[in-house]
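Observations on the model geometry
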Amino acid sequence: MSNAKMIQSDISSVLTRQEMAEIDHELEHIPYKSGAAIDALKIVQAGRGWVSDESLQAIAKYLDMSSEELEGVATFYNLIYRRPVGEKVILFCDSVSCWIGGCDSIKQTISDTLGVDYGETTDDNRYTLLPVPCLGACDRAPVMMVGDDLITHLDDNKISEIFSSNKSGVQS
Amino acid sequence: MEKVLTRNIEPGKAPTDMAAYEANGGYQGLRKAMLGMSPLECREVVSASNLRGRGGAGFPTGMKWSFVPMDDKCTPGHKYLVCNADEMEPGAFKDRLLMEYDPHQLIEGMILSAYCIGADLSYIFIRGEYVVAIERLREALDECYAKGYLGDNILGSGFKLDMYVHPSAGRYICGEETALINALEGKRANPRAKPPFPQVSGLWGRPTIVNNVETLCNIPHIIDRGADWFKSLGVGEDAGTKMFGVSGRVKTPGCWELPMGTPIREILENHAGGMQDGLQLKGFLPGGGSTDFLTQDHLDLAMDYNVIGKAGSRMGTGTMIILDDQTCPVGMVLNLIRFFAHESCGFCTPCRDGLPWTRQVLEDIEQGRGKTEDLDTLEYQINYIGAIGNTHCALAPGAMEPLQSALKYFREDFERHISGGCCPYHSGKGA
Ligand SMILES: Cc1cc2nc3c(=O)[nH]c(=O)nc-3n(C[C@H](O)[C@H](O)[C@H](O)COP(=O)(O)O)c2cc1C
Ligand code: SF4
């Protein structure tokens, strides 16, 4: 059996047909396969929530890259998750205008409410809390994103409104 | 004042679709160019308009484009136009508004700009968190293909252009144009050495122009109404209007389109409503997190590139961050340095190792462990990390700008932290 054939079957046991079709679609306007590295990582993450070692290796093979090289790309970018995350990622803005608006104490309230610090996921797997560079909504500071939703003018009340029905059980 | 960039944007109003955009004069510039102007003629209008890049550096747009090889001077192959919609500068929030509420204005600007440089492929490189803008731009692109404003033979002119929305996977450094190009190529976003400049060898080694969202949004109006009209919009030295923003503890933070050269005081008092009750203005960063502080003494200056430059700072993005008298300047600078240290791409040592060192010194001072010698250490770091040429890109020198000016204007605050052994502001935000 040829090597190429073996590799092909490896890949297709990990990547879905849909994922491969989406990567191929990107490749239509990209002159080199490795050029779709970030797109491919995003495509796989969109369906699976994160990029596992297995996925990473399959993508690397699919794009004729070494997995080390792709790992270097994946870990560079903060919106590529190399560890499992909760159902929703909280991207908490701690840049300057939000800081002036008191985001440090709001971050504390979130941590107290959900029982997580940066980089951690709630026990019920609903939320992962991460810091993010300035979200570009400084006139409505402090702000954060929960999943795809931008939430502005944060204060303690708003935090408890958003998360109170969703407590992770780590209450103190 | 005549609204140009925001003429379709009203808070609370629905975003502009194709029908609404065209009903208000949209795609007139495109028609004018496709039906009767050569790329060179269009480029000459843009050069004559004195439009300067709105991404931060203020480089004249027409001149930037003039370095792109044209016609038989260019080897066969693609040329690229890239819109920089990465907007992650701390305190910058203008491009989001333009894209969310009037996506067609940006797209028309991009089609025209691509025509000027002979590009056949174009990308909107947009930060992944801008989910609403990404969706609206994609819808608008579909409308353009359906109308024949994109694709082959645009409006029968023979000009061909494809356009893609490319959501980024994060990191502030992607806003630097050569790092952005590496990100578009699927690589780690380390900046590239210049020369060669992207205009000659950019994406995939081909001629590439990277322009900011707001820069590109000006192009349809300049082509439609001419260079003299555009120049007449400014009230000072510079041409056109500008998206100016104010954040911090003012009464009504926001973003407004105003003439270039509008005095800072007018922006702060008439538009941002002045300081919140009980607070005084202590200083401000005029153009985002990597510009030098200015103070009360500079309020009557015009927001023009050279005027702000002569005062020791930069226009940057034109979005100001206000420091009030009850917020700790050391804490504010520490927040900024922490940001830049975190966002360093790690490629060169003065930035990768220097910024965390600066952060450490500032943390010590802010938390009451500072020593008098620390101020000398900060001066050393400013001179070394801040010097253009010691680092591979402008991130690290930009990071030093708020610090160096804070030491100049608010030195007493640093000294009080050191002599008192604690943060004198006690606002709870300093730690
Ligand atoms: C660290 C760094 C980050 C930058 N981020 C952005 C950005 O988010 N958006 C932007 O338009 N320009 C950004 N720039 C400036 C770009 O490199 C480039 O000058 C700009 O996109 C050119 O567009 P313009 O000529 O239309 O101003 C950044 C520069 C540096 C050094
Ligand atoms: S200055 Fe910083 S961001 Fe720029 S190349 Fe060097 S390490 Fe990277």
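Residues numbered from 1 in each chain as written. Chains lettered and ligands numbered in written order. Predicted model: local features only at pLDDT ≥ 70, side-chain atom pairs only at ≥ 80, totals over all residues. Heavy atoms only, no water.

1. Considerations on the domain arrangement of chain A
Taken domain by domain, chain A consists of domain 1 (3–76) and domain 2 (88–164). Once you take the C-alpha centre of each, domain 1 of chain A and domain 2 of chain A turn out to be 32 Å apart. (Domains from an automatic or database assignment.)

2. Quick look at the domain arrangement of chain B
Residue and element names in this part refer to chain B. With domains assigned, chain B is organised as domain 1 (18–232), domain 2 (241–324) and domain 3 (329–420). The C-alpha-based centres of domain 2 and domain 3 are spaced at 23 Å. Each side of the interface is counted separately: domain 2 has 14 residues, and domain 3 has 15 residues. The junction of domain 2 with domain 3 conceals about 1200 Å² of combined surface from both sides, 67% of it contributed by carbon and sulfur atoms. Linking domain 2 to domain 3 there are 2 salt bridges. Taking the shortest distance from any N to any O, the salt bridge between lysine 282 and aspartate 413 comes out at 2.9 Å. Our count for the contact surface shared by domain 2 and domain 3 stands at 5 residue pairs in polar contact (both at pLDDT 80 or more). Within the residue set of the side of domain 2 that touches domain 3, elements represented by two or more residues are strand E7 (281–285) and strand E8 (319–324). Top contributing element to the side of domain 2 that touches domain 3 by residue count: E7, with 3 residues. Of the residues in the side of domain 2 that touches domain 3, the class split is 5 nonpolar, 6 polar and 3 charged. (Contact = heavy atoms within 4.5 Å. Buried area = accessible area lost by both parts, 1.4 Å probe. Salt bridge = Lys/Arg side-chain N within 4 Å of Asp/Glu carboxyl O. Polar contact = N/O pair within 3.5 Å; in protein donor to acceptor, adjacent residues only side chain to side chain. Helix = DSSP H or I, 4+ residues; strand = E, 2+ residues; numbered from the N terminus. Nonpolar A, V, L, I, M, F, W, Y, C, P; charged D, E, K, R; others polar.)

3. Points about the nonpolar core
Counting 116 residues, the largest nonpolar core has A:Leu63, A:Tyr77, A:Met144 and B:Phe414 as its most contacted members. Considering every element that reaches this core, the biggest residue donor is helix H13 (residues 329–343) of chain B, with 9 residues. With residues near it in sequence (within four places) discarded, A:Leu63 still touches A:Ile23, A:Leu27, A:Lys33, A:Ser34, A:Ala36, A:Ala37 and A:Ala40. B:Met99, B:Ile126, B:Phe159 and B:Met163 belong to the second-largest nonpolar core, a separate cluster that totals 65 residues. (Core = buried A, V, L, I, M, F, W, Y, C linked by side-chain atoms within 4.5 Å. Buried < 20%, exposed > 50% of the residue type's maximum accessible area, 1.4 Å probe, protein only.)

4. Here's the deal with unusual backbone geometry
The peptide bond linking A:Ala141 to A:Pro142 adopts the cis configuration, its omega dihedral lying at -5°. Summarising the element assignment, A:Pro142 is placed in the loop between strand E2 (127–132) and strand E3 (144–146). Of note, the amide linkage connecting B:Lys194 to B:Pro195 takes the cis form, showing an omega dihedral of -10°. Its location among the elements puts B:Pro195 in the loop between helix H8 (177–184) and strand E4 (208–212). In the Ramachandran plot, B:Tyr27 falls in the positive-phi region, its phi being about 65° despite a non-glycine side chain.

5. What to know about the interface of chain A and chain B
On the chain B side, the residues contacting the 39 residues of chain A number 53 residues. Where chain A abuts chain B, roughly 3500 Å² becomes buried across the two surfaces, and 62% of that area is made up of carbon and sulfur atoms. Three residues stand out in chain A for area buried against chain B, namely A:Phe76, A:Trp99 and A:Ile100, and they jointly supply 22% of the buried area on that side. Our count for the chain A to chain B interface comes out at 0 salt bridges. Applying the counting criterion to the chain A and chain B interface returns 16 residue pairs in polar contact (both at pLDDT 80 or more). Of all the secondary structure elements, the ones that give two or more residues to the side of chain A that touches chain B are helix H3 (37–48), helix H5 (67–76) and helix H6 (96–100) of chain A. Along the lines of polarity and charge, the residues of the side of chain A that touches chain B split into 22 nonpolar, 10 polar and 7 charged.

6. Looking at the environment of B:Ala341
Residues and elements named next belong to chain B. Here alanine 341 shows up in helix H13. The sequence separation of alanine 341 and cysteine 351 amounts to 10 residues, and the corresponding C-alpha distance is 7.5 Å. Apart from residues lying up to four places away in sequence, alanine 341 is in contact with Leu355, Pro356 and Arg359.

7. Things to note about the site of ligand 1
Residue and element names in this part refer to chain B. With respect to spatial proximity, 18 residues lie near ligand 1, and among them Gly55, Asn84, Asn211, Asn212 and Thr215 are the closest. At 3.0 Å from an oxygen atom of ligand 1 is found a side-chain nitrogen or oxygen belonging to asparagine 84. In the environment of ligand 1, an oxygen atom lies 3.1 Å from a nitrogen or oxygen atom belonging to the backbone of glutamate 87. Relative to its unbound accessible surface of 610 Å², ligand 1 loses 88% to contact with the protein. With 3 residues, the top contributor of residues to the shell around ligand 1 is E4. (Near = heavy atom within 4 Å. Areas by Shrake-Rupley, 256 points an atom, 1.4 Å probe, with all protein chains shown as cover.)

8. Side note on the sheet that holds E4(B)
Residue and element names in this part refer to chain B. Overall, parallel pairing links the 4 strands, which are arranged E3-E2-E1-E4 in an open sheet. Of all strands in the sheet, those with a lone pairing partner are strand E3 (162–167) and E4, marking the two edges. Each strand axis lies, on average, 20° off the axis of its neighbour in the sheet, ignoring direction. Note: strand E1 (residues 80–85) against strand E2 (residues 121–126), 6 bridges, orientation parallel. Of the residues in E2, the one forming a bridge with asparagine 84 is phenylalanine 125. Along the sheet face, helix H6 (residues 103–117) touches E1, E2, E3 and E4 and points at about 145° away from the line of E1. (Pairing = 2+ DSSP bridges. Axes fitted to C-alpha atoms, helices over the stretch in contact; angles between N-to-C directions.)

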